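Here is what each chain is made of, one letter per residue.
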Amino acid sequence: MSKLPLYVVTGAKGTGKTTVIEELRKLTPEYVIFDYDNVIEFIKDDFGKFDKHQLLNIWLRVARDIAESGRKTIICGIIWPHDIERCIDFNDFKHVYYLALHCDDKTREIRLRTRKNTTKEKLLKNNDFAKSFIEIADKYNPPIPIIDTSKTDATKVAQQISEWIHGLEKNKNSL
C-alpha cells in the first residue's frame, strides 16, 4: 500500500483548533479528525504531568494504522513540526503537512480567560508562543499557511482548512 499524507492543524492555545473540529468534520467526512488533547487525561501521572513525546507517538501510530486502511487523518493540536519529525512512525507518511491557526493577542486573551487556571503570566507566555509559530512558518517546505481566526467564525475557518487540504490533494505532485 502506498503511503498517505498526514495533516496537522496547529497553533497556540486559544486560536480555535478544538472549536473548528466539529465544522471540519462536516466538511471533510472522508478524513478522520482528532483533537490532540482528548487522550491526555488517560496518560497523566499522579501529578497531572504527561510525556508530550509519548502522546505524539500515540497519535502518529493511530494515524498510521488509519492510513493502512486507506483513510487520511487530520490531527488538531499544539504540535511543533520538529517534535513530530522525531516520532517513530513519522516516515510512514508520504508527507506531513502543517497549517497554523493564529489570532491577535487581545482575541486570544478573551478566549483563554474563559478557561480554568488562566493567569496573566500564562497569557503572556502563550502570546510569545503564538508569535513563534508565525516566525517558523516560512522555514518549512511547503511553508506553513496561517489562518487568522481573530474575526473569522469556526465555519469559515473550517472551510479554509478544507480548501487547503483539497488544494494539496489536487496537486498530485504534492502527494
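Residues numbered from 1 in each chain as written. Predicted model: local features only at pLDDT ≥ 70, side-chain atom pairs only at ≥ 80, totals over all residues. Heavy atoms only, no water.

Our focus in this paragraph is the packing of helix 5 (residues 105-112) against helix 6 (residues 120-136). When two helices pack together, their arrangement is given by the angle between the helix axes and by the axis-to-axis distance. It is at 10 Å that the axes of helix 5 and helix 6 come closest, and there the two elements cross at 135 degrees. Here helix 5 is positioned oblique relative to helix 6, judged by the angle of their axes. Judged by the sense of rotation from one axis to the other, the crossing of helix 5 with helix 6 is right-handed. Mapping the contact onto sequence places Asp105, Arg108, Glu109 and Leu112 in helix 5 and Lys120, Leu123, Asn126, Asn127, Ala130 and Lys131 in helix 6. Grouping the amino acids of the contact of helix 5 with helix 6 by side-chain chemistry returns three nonpolar, two polar and five charged. (Axes fitted to C-alpha atoms, helices over the stretch in contact; angles between N-to-C directions. Helix = DSSP H or I, 4+ residues; strand = E, 2+ residues; numbered from the N terminus. Parallel < 35°, antiparallel > 145°, perpendicular 65-115°, else oblique. Left-handed = near helix turned anticlockwise from the far one by under 90°. Contact = heavy atoms within 4.5 Å. Nonpolar A, V, L, I, M, F, W, Y, C, P; charged D, E, K, R; others polar.)

Let us look at the pairing of strand 4 (residues 96-102). Of all seven residues in strand 4, seven are buried; the element is thus mostly enclosed. Of the two faces of strand 4, both are covered, the one formed by Val96, Tyr98, Ala100 and His102 as well as the one formed by Tyr97, Leu99 and Leu101. Relative to strand 5 (residues 146-148), strand 4 is paired through three bridges, and the arrangement is parallel. Within strand 5, the residue paired with His102 across the bridge is Asp148. (Buried < 20%, exposed > 50% of the residue type's maximum accessible area, 1.4 Å probe, protein only. Pairing = 2+ DSSP bridges.)

Below, the discussion takes up the nonpolar core. Core analysis: the biggest nonpolar cluster contains 26 residues, and Leu6, Leu60, Ile84 and Val96 have the highest contact counts within it. Contributing elements (two or more residues each) for this core: strand 1 (6-11), strand 2 (31-35), helix 3 (52-68), strand 4 and helix 6. Not counting residues within four places of it along the chain, the set of residues in contact with Ile84 comprises Leu6, Val8, Leu56, Leu60, Ile79, Phe90, Val96 and Tyr98. Residues Val9, Leu24, Tyr97 and Trp164 belong to the second largest nonpolar core, which totals 19 residues. (Core = buried A, V, L, I, M, F, W, Y, C linked by side-chain atoms within 4.5 Å.)

What follows covers helix 5. Thr107, Arg108 and Leu112 are the residues of helix 5 that are buried. Taken down its axis, helix 5 places every buried residue within 125 degrees of arc, on the same side. Seen from the open side of helix 5, the exposed residues pointing more than 90 degrees away from its buried face are Lys106 and Ile110. Elements in contact with the buried residues of helix 5: strand 4 and helix 6. (Arc of directions from axis to C-beta.)

All right, on to the environment of Leu27 then. Relative to the helices and strands, Leu27 is located in helix 1 (residues 17-27). Aside from chain neighbours lying at most four places away, what touches Leu27 is Thr155, Ala158, Gln159 and Ser162.

Where helix 1 contacts helix 7 (residues 154-170), the two axes come as close as 8 Å, and the packing angle between them is 55 degrees. Between helix 1 and helix 7, the angle is such that the two are oblique. For the pair helix 1 and helix 7, the crossing hand works out as right-handed. Every residue of helix 7 that contacts helix 1 at Thr19, Val20, Glu23, Leu24 and Leu27 is listed here: Ala154, Thr155, Val157, Ala158, Gln159, Ile161 and Ser162. Looking at side-chain class alone, the contact of helix 1 with helix 7 contains seven nonpolar, four polar and one charged residues.

This part takes up unusual backbone geometry. Most of the time, phi is negative for any residue but glycine, and the peptide bond is trans. Looking along the chain, the bond that leaves Asn141 and enters Pro142 is cis, with omega of -5 degrees. The residue Pro142 is located in the loop between helix 6 and strand 5 in this model. For Asn117, which is not a glycine, the phi torsion comes out positive at approximately 60 degrees. Relative to the helices and strands, Asn117 is located in the loop between helix 5 and helix 6. Asn117 gets classed as exposed once you look at its relative accessible area, which sits at 61%.

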